[in-house]
Structure formats: C-alpha cells, structure tokens
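Inside the fold
What follows is each chain in one-letter form.
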Amino acid sequence: MQLQDVEAAARKFEREIKSGTAALVLLGVISSARQPMYGYQITRIIDERAHAGDEPGPRFKQGALYPVLRSLERSGALESSVEPSVAGPPRRYYSITSAGEEVLGRWTLIWDATRDLVDDILKGNDDV
Amino acid sequence: MSDMIDRYLESLRLALRDADPATVRDALADAEEHLRSAIESAAGQSSGASEEELAAMVVEEYGTPAEVAQAYRTIEQHTAPAFAGQGRPGSGSAARRFFGILGEPRAYAALLYCLFSLVTGIVYFTWAVTGLSLSAGFAVMIFGIPFFGLFLLSVRGLALVEGRIIEALSGVRMPRRPIFERRDAGAWRRFVALVGDRRTWLSIAYLVLQMPLGILYFTLTVTFFAVSASFILRPVLEYWFGLPFMQFGVTTYWTPTWFMPVIMVIGLLLLIITMHLAKMAVRLHARYAKFMLVR
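Residues numbered from 1 in each chain as written. Chains lettered and ligands numbered in written order. Predicted model: local features only at pLDDT ≥ 70, side-chain atom pairs only at ≥ 80, totals over all residues.

Turning our eyes to something else, we now look at the overall build of chain B. In terms of helices and strands, chain B carries eleven helices and two strands. Reading chain B from its N terminus to its C terminus gives the helix and strand order α-α-α-α-α-α-α-α-α-α-β-β-α. Taken across its 295 residues, chain B has 24% of its residues classed as buried. Sequence separation of at least 24 residues holds for 73% of the intrachain contacts in chain B that already meet a minimum separation of 6. (Helix = DSSP H or I, 4+ residues; strand = E, 2+ residues; numbered from the N terminus. Buried ≥ 20, exposed ≤ 12 C-beta atoms within 10 Å, placed from the backbone. Contact = placed C-beta atoms within 7 Å.)

Below, the structure written as structure tokens:
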C-alpha cells in the first residue's frame, strides 16, 4: 500500500466516523446546556472540547454540523426558535425535546457498547 | 468583510443550485448566521489580525462552499424518505396526497392566480389591442414607428411581469432575460431586433389570449367554489334560510335529512378537487406561458 493510499484511507475513515457521530455529539452538547444555544455557540463548545486533551481530537467542519442540526429538528429530537441578535442576522436557538433526550439515552448505550467492543479488540484483551 | 460573506453565500448558492429550494434557504441562513457570529466574536478577542485574515480563518473553519453543500445534500438524501410527507410530490398514500393539498401553499397560490388572471387578462388584452390599433393608425405618421417601438417594449415589460407572477404563484421557473442582448446597437437596430424577434409576437399573442383564459379560469374557480360551498352549507341554507335544493316552477326539491351529512362530505371533497384542479391548471398554464414568454 502506498503512503498516499494510507493517508486517503485515514481521511475516509475519519470522515465516516465523524458523519456517524455528529448527531450524537450535537445532542450531547445541547442536552448538557442549561439554555437554548445557537449554532455558533454549539460549534465553539465542540471545538474547545476537541482541543482540551493532550492529543487534538477530531475536527468537525462547522458547516457540516448545521445540516445535522436541521435534520435532528425535523425528526423531532430538537426544537428551535429564531430570535433577533443585537448585530447581524437573527439566530436560531436549539434546545432538546423529551423525545430527543430519549434518543440520546439509547444512542449513548449503543455508543458505550460499540466503544467497549472496539477498545477490547484493539487492545487485545483476552477476557472478552 | 461583508463582501466576503456575500461572495461566500453566492458560491454556496451556486454549489447547491440543483438542491431543493428549502434546503438552499436553510443552508444560506445557517451560513450567514454562523459566519457573522464567528467574525464578530473573533474580532472581539483576537489582536493584530486584519479583517480579511479573520474572515479567511472563519471560512476555513466553516468549510468551503463545496464541502458545506455536500453536507446538506447528504443529509437531504438521508432524511428525504423518512420525512417525505412535507409537500414532496409523489410521496405518501393516495389519500394522503389527496387531502394533503389542504396544507399546500402552492394550491392556494394557484387558486389566487385563477381568480387574479381575470383582472390581469383584461388589462393585458386592452393594452395589447389598443397598442396594436394605435400603431396601425399611426403607421402613416412620422411618429408611427417610434410609437410602435415603445409599444413593443411595453409588451416585453408586461411579459416579464407576467413571468414573475407565474413564477411566484406556481413555482415554475421563468428565466429572466435581458430585454436587449446588445447594448451597443443603435435605436433602429434595436427596433428591428424587437420586431424580428419571435418572442415579441408570441408575447402579444399571450397578452391577447390571456383575457379568454382569465375569464375561463375565473369562472370555473368561482363556479366550483360556489357549488362546493352550497353543498357544505346545505343545512344552513335549507333549515335556516328556507332555500330548497332545486326548484322547477312551483315544485321544490329538498334534501332528505339522512342525506345531509353525505352531501356535506361531497361538498368538502369537491372543494378539495377544486384545489387539485386549480393547481393542475396553473401548472399547465405555466408551461404554456414559458413557451410563449421566454422561449
């Protein structure tokens, strides 16, 4: 395998992981917030968390998060209201619905199980 | 700085030109909100960076128009089957499509066009016929040709307005065309181009034909509506106002009591059918108008 193939494979893997987890990350952020948040705040929190550890975490392209917010709202997991801002265009504030909390709970279980499985396999634990 | 945002939004619109209009609107609103908030907050805390550098940094973090467009398109494809009920044609069961029209803005717009076309039809017809007759009468005079030229120009203008109206009310795209492709040509060359253009004459024909069509649309819409309303309001008309269902000479016909609910349901169905018919008629009309006005 050529080096650029490895690079391309890494990028493809990262892209797929990100598109698979974006909705979970967004629901998590909005669920732990105390008040409705608009898109830019949400992306800022995700960026800060990604930089918090020693190793840089995955970087979500901010523009790719907005369509996920929209689709979460269409499916009823989020609700939003548009409010005017002091300067600039009105902002759309998102908050989580009770159905969204339920979805987040189920997703978290699936995520935990998946993560444990992947960790176990990669670390080669014998006691699986 | 806001130039940069405008340029970004424009290229995002271009990148999404084949997507659903609602998606485009969402994407543009999201991008504008984010970019403005991000630049505002970045300008507040960073030191030294010029506005262009800030904007470039913010756009870099948001993603290129192509990337963002791709993200919206992917989501649209994924969510479309699950939430197809939102006014997408050809989705859902037959009953849902039939009754769903009550929630479709386009159907109401079509009804509006059917009623409105009587007024515009009369105006267009009068304008076109007056203009043609006066042009014919003035042909022997010195100002005959300029008058005819101005009349043809006004026809082009009216054709554009009609195209806008139809696009707004039917959703069928009517491409905008410049009235003159060549700005450098002299007045005479422009006049010849205008007279020689097939579209000019098709537009005049459209304006003239719009009156009979407008009368037809208006009459049919009002008739269907009146019949539906008289069915739905049958109990009120008969029990309250004492109006019979039909009357021939001295013989009056009344609706049997057991038939009252049935006839009200029929009236409701007829109302919905009217909306379907109006929507279909306006869609056909838009195709015809496209042929006459912009081809």
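And the narrative resumes.
Once that is clear, we can look at the interface of chain B and chain A. Each partner contributes to the interface: chain B provides 20 residues, whereas chain A provides 17 residues. Of all elements in the fold, only α2 (21–45), α3 (51–62) and α4 (65–79) of chain B reach the threshold of two or more residues within the side of chain B that touches chain A. Here the side of chain B that touches chain A gets ten residues from one element, more than from any other, and that element is α2(B).

This part is about the nonpolar core. Formed by 41 residues in total, the largest nonpolar core has its most connected members in Leu26(A), Leu27(A) and Val68(B). Residues Phe148(B), Leu158(B), Ala159(B) and Leu207(B) belong to the second largest nonpolar core, which totals 27 residues. (Core = buried A, V, L, I, M, F, W, Y, C linked by C-beta atoms within 7 Å.)

Bringing the sheet that holds strand β3 (residues 91–96) of chain A into the picture now. Adjacent strands of a sheet pair through backbone hydrogen bonds, lying either parallel or antiparallel. Residue and element names in this part refer to chain A. Read from one edge to the other, the open sheet built from three strands follows the order β1-β3-β2, with strand pairing classed as antiparallel. Only two strands of the sheet have a single neighbouring strand rather than two, namely β1 (37–38) and β2 (78–83). Against the sheet, helix α3 (residues 62–74) makes contact with β2 and β3, and its axis sits at roughly 115° relative to β2, the strand it touches most. (Pairing = 2+ DSSP bridges. Axes fitted to C-alpha atoms, helices over the stretch in contact; angles between N-to-C directions.)

Our next topic: helix α6 (residues 105–138) of chain B. All names here are of chain B. The end-to-end C-alpha separation of α6 is 47 Å, in line with the 50 Å expected for 34 residues at 1.5 Å each. Along α6, the largest kink reaches about 40° and is centred on Phe116. Within the sequence span of α6, burial applies to Ala107, Ala110, Leu111, Tyr113, Cys114, Ser117, Leu118, Gly121, Tyr124 and Ala128. Residues of α6 that are buried sit in contact with α7 (144–170), α9 (198–232) and α11 (260–293). (Expected span 1.5 Å × (residues − 1). Bend = angle between axes of the 7 residues up to and from the residue.)

Attention shifts here to the environment of Glu76(B). Residue and element names in this part refer to chain B. Structurally, the position occupied by Glu76 is in helix α4. By C-beta crowding, Glu76 is classed as partly exposed, having 19 other C-beta atoms within 10 Å. Leaving out residues up to four positions away in the same chain, Glu76 has contacts with Ala19, Asp20 and Thr23.

The next thing to look at is the packing of α9(B) against α11(B). All names here are of chain B. One can describe the packing of α9 onto α11 by two numbers: an axis separation of 8 Å at closest approach and a directional angle of 175°. As judged from the angle between their axes, α9 and α11 are roughly antiparallel. In terms of residue class, the contact of α9 with α11 is built from 20 nonpolar, five polar and no charged. (Parallel < 35°, antiparallel > 145°, perpendicular 65-115°, else oblique. Nonpolar A, V, L, I, M, F, W, Y, C, P; charged D, E, K, R; others polar.)

Time to look at the packing of α7(B) against α9(B). Residues and elements named next belong to chain B. Relative to each other, α7 and α9 sit at 65°, their axes nearing to 9 Å. The angle between α7 and α9 places the two elements in the roughly perpendicular class. Crossing of α7 against α9: the hand is left-handed. Where α7 abuts α9, its residues Leu152, Val155, Arg156, Leu158 and Ala159 lie against Thr200, Ser203, Ile204, Tyr206 and Leu207. Classifying every residue of the contact of α7 with α9 gives seven nonpolar, two polar and one charged. (Left-handed = near helix turned anticlockwise from the far one by under 90°.)

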